[in-house]
Each structure stands twice: as structure tokens, then as C-alpha cells.
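Overview (structure and organization)
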Amino acid sequence: MSNNLIKVFISGYSYSKVWPLKPQLFSVFPECRIIKATQFAVLVLPILAILSFFIQVSYLGEQFIPQSLALCCLILSMPLHGYYWLGKRSQQVLPVSLANWYYQIESRLLEQGVEVQTLTHKPKYLDMAHALKLAFSELDKNWIKDWF
């Protein structure tokens, strides 16, 4: 069970590194907002946890160290929630409408001569992330206007 959970966290982290954070995608996919929130949490929450611990211990005394540590663990676990969601999302099969969009992006990439991974019959969100990343880096800037 714990191995599987660790794989989900690792999958979520790698998915967050693959997904393109472009302004056009923020209104369509929740991944962009989750990734930005998780990145912000990774930067800010360790500092907040340390400050929270020291403030509680200094004001409430040493007898509240267990509660302070529990709150610190809760604060430090918050980015893991984002990576867990991303890991689960990356393995979900695309709905039909997004699968059609995925196939259109892949065909446009193939028309432009860009090497793509093999087309899967049931694409997942991770496949969509790879296709979008390739499309934003390899295709001209006007391709996105066709869809948005």
C-alpha cells in the first residue's frame, strides 16, 4: 500500500513538471491552478510551519510541543495533497471530448513533422500533457487560436 502511495506522489510530481503552464490552459484545465498552488505551498509552508512551531512554543510553553508538532506535520503535508491529486489525475483516461482534442493535436504535430509518442487508443491526462507541451514548443503560435 505505501509503495503504491509513493508512486502516486512521484507520478504527481513528474506530471506537474510535464504539464505546460500557459495562460490559455488555466481556464480549461484545473491542473494549472493545482500545480501553481502546490508550487507555492512547497515554497511557503515550510517557513510557515517553523514559525508556527516557535510562536506556539514561545507563547504557550513547552507543554504544547506535541500539539505544535502535530500542526507542523499537518502544514507540511499540504503540498502532498496537491501531488496526490495530480498523480491520480495523470492516470485517468481522457473523456471523449478531450480525447478528440488530443488526437487533433497529435495529428497537427505529425503534419508538422514532429516526432510524437505512439498514439494510444485510450489516452490519459499524462499523454495530453506531453502532447500539449510538444505543441507549445514545436508548433507556431497560431495553432492555439483554433481551439481557444
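All values reported here derive from a predicted model rather than from experimental measurement.

Along the chain, Ser16 turns up in helix H1 (residues 2-18). Look at Ser16 and you get buried, because its relative accessible area is 7%. A polar contact is formed between the side chain of Ser16 and the backbone oxygen of Tyr13, at a distance of 2.6 Å. What Ser16 contacts, discounting residues up to four positions off in sequence, is Ile35, Tyr83 and Leu86.

Another aspect to go through is helix H5 (residues 125-138). In this model, H5 (14 residues) spans 20 Å end to end at C-alpha, consistent with the 20 Å of a helix rising 1.5 Å per residue. Of the surrounding secondary structure, the elements contacted by the buried residues of H5 are H1, helix H2 (30-60), helix H3 (65-90) and helix H4 (96-111).

Once that is clear, we can look at the packing of H4 against H5. For any two helices packed against each other, the geometry comes down to the angle between their axes and how far apart the axes lie. At their nearest, the axes of H4 and H5 sit 10 Å apart, and the two run at 40° to each other. If you check the angle between H4 and H5, you find them oblique. Here the hand of the crossing between H4 and H5 comes out left-handed. Note on element contacts: H5 touches H4 through Tyr125, Asp127, Met128, Ala131, Leu132, Leu134, Ala135 and Glu138, opposite Leu98, Trp101, Tyr102, Ile105, Glu106 and Leu109. Tallied by class, the residues present in the contact of H4 with H5 amount to eleven nonpolar, no polar and three charged.

This part is about the packing of aromatic side chains. Per the counting criterion, the structure on display carries seven aromatic pairs. Summarising the aromatic geometry, the rings of Trp19 and Phe29 are spaced 5.0 Å apart at their centres and angled 75° between planes, so their arrangement reads as edge-to-face. Linking Trp19 in the loop between H1 and H2 with Phe29 in the loop between H1 and H2, this pair joins segments that are ten residues apart in sequence. Taking the relative accessible area as the measure of exposure, Phe29 reaches 1% and is therefore buried. An aromatic cluster is present here, built from Tyr15, Trp19, Phe29 and Trp101 joined pairwise through their rings.

Turning our attention to the state of the cysteines. Cysteine pairs can be linked by a disulfide, which is a covalent bond between their two sulfur atoms. This model, assessed by the stated rule, comprises zero disulfides. In this structure Cys73 is not part of a disulfide, and its nearest cysteine sulfur, from Cys72, lies 7.0 Å away.

By size, the foremost hydrophobic cluster in this structure holds 25 residues, and its most contacted members are Trp19, Leu25, Phe29, Trp101, Met128 and Leu132. The element that contributes the greatest number of residues to this core is H5, accounting for seven residues. Residues in contact with Met128, not counting those within four places in the same chain, are Trp19, Phe29, Leu94, Leu98, Trp101 and Tyr102. Of all hydrophobic cores here, the second largest spans seven residues; its members include Ala41, Leu45, Val57 and Ile75.

Scoring rules and cut-offs
Residues numbered from 1 in each chain as written. Predicted model: local features only at pLDDT ≥ 70, side-chain atom pairs only at ≥ 80, totals over all residues. Heavy atoms only, no water. Helix = DSSP H or I, 4+ residues; strand = E, 2+ residues; numbered from the N terminus. Buried < 20%, exposed > 50% of the residue type's maximum accessible area, 1.4 Å probe, protein only. Polar contact = N/O pair within 3.5 Å; in protein donor to acceptor, adjacent residues only side chain to side chain. Contact = heavy atoms within 4.5 Å. Expected span 1.5 Å × (residues − 1). Axes fitted to C-alpha atoms, helices over the stretch in contact; angles between N-to-C directions. Parallel < 35°, antiparallel > 145°, perpendicular 65-115°, else oblique. Left-handed = near helix turned anticlockwise from the far one by under 90°. Nonpolar A, V, L, I, M, F, W, Y, C, P; charged D, E, K, R; others polar. Phe/Tyr/Trp six-rings, centres within 6.5 Å; stacked < 30°, edge-to-face > 60°. Disulfide = S-S within 2.5 Å. Core = buried A, V, L, I, M, F, W, Y, C linked by side-chain atoms within 4.5 Å.

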